[in-house]
Amino acid sequence: MFAEIVVNAPLSRRRVPFVERTEGFAALAQTFTYSIPPALEGRLQPGHLVTVPFGPRKLQGIVVALSAQTAVEKVKDVFDLVDPLPVLSAAQVALAQWMSDTYFAPLIDCVLQMFPPGLESEVQTLIVLNPNAPDGVAGDNAAQQALLERLQRDRQAPLDDLVKGASKTETLRAIDSLVRKGLASKQSVLLPPRARAQTERTVRLIAEPTPELLQAVKGDRQKAVLQYLVAQGGLSAVKTVREVRDATHAPQDTLATLERANYIRVDQRETFRDPLRGMIVEPAAAPDLTPDQQTVWDAIRPALDGAEPASTTFLLHGVTGSGKTEIYLRAVAETIARSRQAIVLVPEIALTPQTIRRFAARFGSRVTIAHSQLGLGERYDQWRRMRAGAIDVVVGPRSAVFAPLPRLGLIVLDEEHEGSYKQDRAPHYHARETARQYAALCGATVILGSATPSLESMFQARQGAYRLLTLPQRIETRLPGAGPQAAAINRQPLIVNLELPHVDIVDMRAELKAGNTSIFSRALRDALSETLEARQQAILFLNRRGAATFVMCRDCGHVLKCRRCDNALTYHSDESELICHHCGRRYGMPALCPACGSKRIRQFGAGTQKVEEVVSQLFPTARTLRWDRDVTGARGAHDELLRRFASHEADVLIGTQMIAKGLDLPLVTLVGAVSADTGLNLPDFRAGERTFQLLTQVAGRAGRSRLSGRAILQTYMPGYPVITAAARHDYAAFYEAEIEFRRRLHYPPFSRLIRLIFAGAPDARVQSEAESLHRNLSQRVRQLGLAGLEIIGPAPCFNHKLRGMFRWQVIVKGANPHALLRAFNLPVGWHVDVDPVSVL
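Residues numbered from 1 in each chain as written. Predicted model: local features only at pLDDT ≥ 70, side-chain atom pairs only at ≥ 80, totals over all residues. Heavy atoms only, no water.

(A) Examining the overall build of the protein more closely. Counting its regular elements, the protein contains 26 helices and 36 strands. Against the compact-globule benchmark of 28 Å for 840 residues, the protein has a radius of gyration of 31 Å, which places it among compact chains. Each of the three principal axes of the protein carries a C-alpha extent, and together these read 85 × 85 × 65 Å. Expressed as a percentage of its 840 residues, the buried residues of the protein come to 51%. Taking all contacts inside the protein whose residues are at least 6 apart in sequence as the whole, residues at least 24 apart take part in 76%. On the protein, roughly 37,400 Å² of surface is accessible, and the fraction owed to carbon and sulfur atoms is 49%. Here the protein contributes 102 positively and 85 negatively charged side chains, and the mean placements of these two sets differ by 3 Å. (Helix = DSSP H or I, 4+ residues; strand = E, 2+ residues; numbered from the N terminus. Rg over C-alpha atoms; globule rule 2.2 N^0.38 Å. Buried < 20%, exposed > 50% of the residue type's maximum accessible area, 1.4 Å probe, protein only. Contact = heavy atoms within 4.5 Å. Areas by Shrake-Rupley, 256 points an atom, 1.4 Å probe, with all protein chains shown as cover. Lys, Arg positive; Asp, Glu negative; His and termini not counted. Charge placed at Lys NZ, Arg CZ, Asp CG, Glu CD.)

(B) Expanded view of helix 22 (residues 687-699). In this model, helix 22 (13 residues) spans 18 Å end to end at C-alpha, consistent with the 18 Å of a helix rising 1.5 Å per residue. For helix 22, the buried fraction is high: twelve of the 13 residues fall into the buried class. Where helix 22 is concerned, the buried positions are Ala687, Gly688, Glu689, Thr691, Phe692, Gln693, Leu694, Leu695, Thr696, Gln697, Val698 and Ala699. (Expected span 1.5 Å × (residues − 1).)

(C) Region of interest: the packing of helix 2 (residues 90-103) against helix 15 (residues 431-442). Interaxial distance between helix 2 and helix 15 falls to 10 Å at its minimum, and their mutual angle equals 140°. In terms of orientation, helix 2 lies oblique with respect to helix 15. Considering only the axes of helix 2 and helix 15, their crossing is right-handed. Residue-level inspection shows Ala91, Gln92, Ala94, Leu95, Trp98, Met99 and Tyr103 of helix 2 in contact with helix 15, the latter providing Glu433, Thr434, Gln437, Tyr438, Leu441 and Cys442. Looking at the contact of helix 2 with helix 15 residue by residue, the classes come out as nine nonpolar, three polar and one charged. (Axes fitted to C-alpha atoms, helices over the stretch in contact; angles between N-to-C directions. Parallel < 35°, antiparallel > 145°, perpendicular 65-115°, else oblique. Left-handed = near helix turned anticlockwise from the far one by under 90°. Nonpolar A, V, L, I, M, F, W, Y, C, P; charged D, E, K, R; others polar.)

(D) Structural context of the sheet that holds strand 27 (residues 586-588). The sheet built from three strands is open, its strands ordered 25-26-27 with antiparallel pairing. Of all the strands in the sheet, just strand 25 (570-572) and strand 27 have a single pairing partner and so form its edges. Across the sheet, the mean angle from the axis of one strand to that of its neighbour is 35°, orientation sign disregarded. Pairing analysis gives three bridges linking strand 26 (residues 577-579) to strand 27, with the strands arranged antiparallel. Bridge assignment links leucine 578 to a residue of strand 27, and that residue is tyrosine 587. (Pairing = 2+ DSSP bridges.)

(E) Focus on the environment of serine 89. Looking at where serine 89 falls in the secondary structure, it is placed in the loop between strand 6 (80-81) and helix 2. A residue is classified by how much of its surface remains accessible, and serine 89, at 32% relative accessible area, is partly exposed. For the pair serine 89 and lysine 76, spaced 13 residues apart in sequence, the C-alpha separation works out to 25 Å.

(F) Molecular detail of the pattern of salt bridges. Counted by the stated rule, this structure contains 43 salt bridges. Between arginine 462 and glutamate 736 there is a salt bridge whose closest N-O contact spans 2.7 Å. In this pair, arginine 462 is assigned in helix 16 (residues 455-462) and glutamate 736 in helix 24 (residues 731-745), connecting sequence segments 274 residues apart. For arginine 742, the salt bridge goes to glutamate 689, with nearest N and O atoms at 2.7 Å. With arginine 742 in helix 24 and glutamate 689 in helix 22, the pair connects residues that are 53 residues apart, well separated along the chain. Among the ionic contacts, a cluster of salt bridges with common partners joins Glu270, Arg273, Asp381 and Arg384. (Salt bridge = Lys/Arg side-chain N within 4 Å of Asp/Glu carboxyl O.)

(G) Molecular detail of the nonpolar core. The biggest cluster of nonpolar side chains holds 111 residues, and the ones touching the most others in it are Leu756 and Leu777. Counting residues per element, this core draws most heavily on helix 2, at six residues. One finds Ala299, Leu316, Val332 and Val344 within the second-largest nonpolar core, a separate group that totals 30 residues. (Core = buried A, V, L, I, M, F, W, Y, C linked by side-chain atoms within 4.5 Å.)

Written out as structure tokens, the structure is:
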């Protein structure tokens, strides 16, 4: 028997697409054939993690297929299993292969998306002294001599340790020289996995705790230990060593003495690190459904019962506050009742705490979270619990789609329109399409929910590929007659139909003409004053961080830019620094213009810090919270900010787009979009769609209780159709106008895009590479007769220079752009993004 294995070899993985020149992108799915030794016959399965020989190295790999024969002449044996159970299910192996084929990504990179965190072993290169090297041999130069002295002392040393410091090049040359002379050799070893099971020491009685036994025991502390164990349940009690020592103050020697006397036994037991430990959630019953919800539920339930074809996809279009989450909860409950499991995806880690509380209140301890901010041990333990089937519901952002649930029956994507569901690094998978493929492999149902569905999803629904369901009415489920504070914690729901918030559009051009140069219009300032006087809450939205968006000299017009990215620097007042929001580099705020020496260098524009400063100036007693990337770096920061605002520890929440998504805050009666047209005129065909979605969603944070809600959109483009449609909550009007625009220009959903990006330096070389690729692709289109394919570009990317690298792009547009690139030998250095959500 033979096994096809994808090997986790980072260096060879980067070279695979280009070494196998005749295979083009087919080489991305490269696997290697190994024979299965007798000891593993019948045990090895697809999805197993194994160690294999790979040249002179020992590496890890994943088995993707088994076969009885092979055309490969010389094969090596698999060394061993790393884990007795497969780390990937058969469905996950198939999903990784689909991702590799769809997104032109190396198969190993797709496999690693599903890989248990911390179980992978890193390869360490050792420089080892040859045992036959003569004693006292001298090096030809100082670098060789230092290296020999180190090896003669330690016999071996990690390569990474040797090349640290300023003499890296000289050290590498010295190593190569010693290897050529036969004085040293390079060896690769696998380091132990970073993640391991956690254990704790336990104590239990093994002797009947009779009065005679207690009388026979010598020492007060020994008696205290035995009496404590008796009080905790006697022979049936198992307590941790820490619990025993904390209760009795007995030292370790006391426990050892009792164990030698066969009174107690000290054991080790495995413990799971639980990221939800300490979270207090009160159980909640399911509320009655509204007629609209009941109609939706009656449509979804048969698919979960198996009465409809497997892997049905539903698009749930419900206005903000219409009760979509209750539909998700019902669907999850039905899935669990059928002994299957569910994945619930949210677009941001910021939404995970609120979502997990809602699901934990309904389903208890069989709910967990999965996201990158968990500790390595927590992620590893939760992965093991999922694989073992001990978890019913997994909640998390994009990467949670790969949760290894053995009985997957449902995947929910809340706010399915969000661009954060597309991974911005290789492999550039989209969680929505990946979820649908995973569901198809598992026979699971998919629910896509949004108040502002993506154009692609709504188009699919109208074409019949998805089943469209609607919730047109905003509702509230609160205690009757209760105040807003009690409304947030009610347990006995009462359904109340609510109006969507009234939205006013404020023309900021008129504000300037009236002499108002503030970032707040008079309408927003007055509305904020009324909200604060009523002891209610407000959200102020601006999709820019910092205090000023750029710094410019008023005399010569010079704008301060990042030297690595050539983008305008943002001024941050709390640190008095200029920060590049692309690479993170920081600069001091100059006193003089670096171009002309003028003192008239000033900050312009506004970000969230500036909004917070203005609120504090206008309303000194108002309590503010800022929620953006600058203040949410620490673990648990999102949860703490949400807790504080929901508890009314602040009156005004100021933030970027993360506050526009899914937050349900009953006391919020005012939302202000400080600059509604930010991003509207970017050179991206999705700019209008993103603006409509963002404004509709942020306005929807207001008025989610019986307290009336209001939103104010400040703009310099008050008549722009996208803004007026958002103000009317009119998705249908937006969709009809936008879909016609896409149809005319043949943009998705009427075509597909593949974006090819090259980054390097100098700029002229990158441009030359882009022009060469454009010529080659155009020639290939003609050769293959691929009518309808368009090669757009080459052109510099919107963010032309990032981290010292210049970026150019070529875009392939058409019904099937994969046909052009499938067997194409893409030159080294090109970056591939299939179905990009942005072309900036």
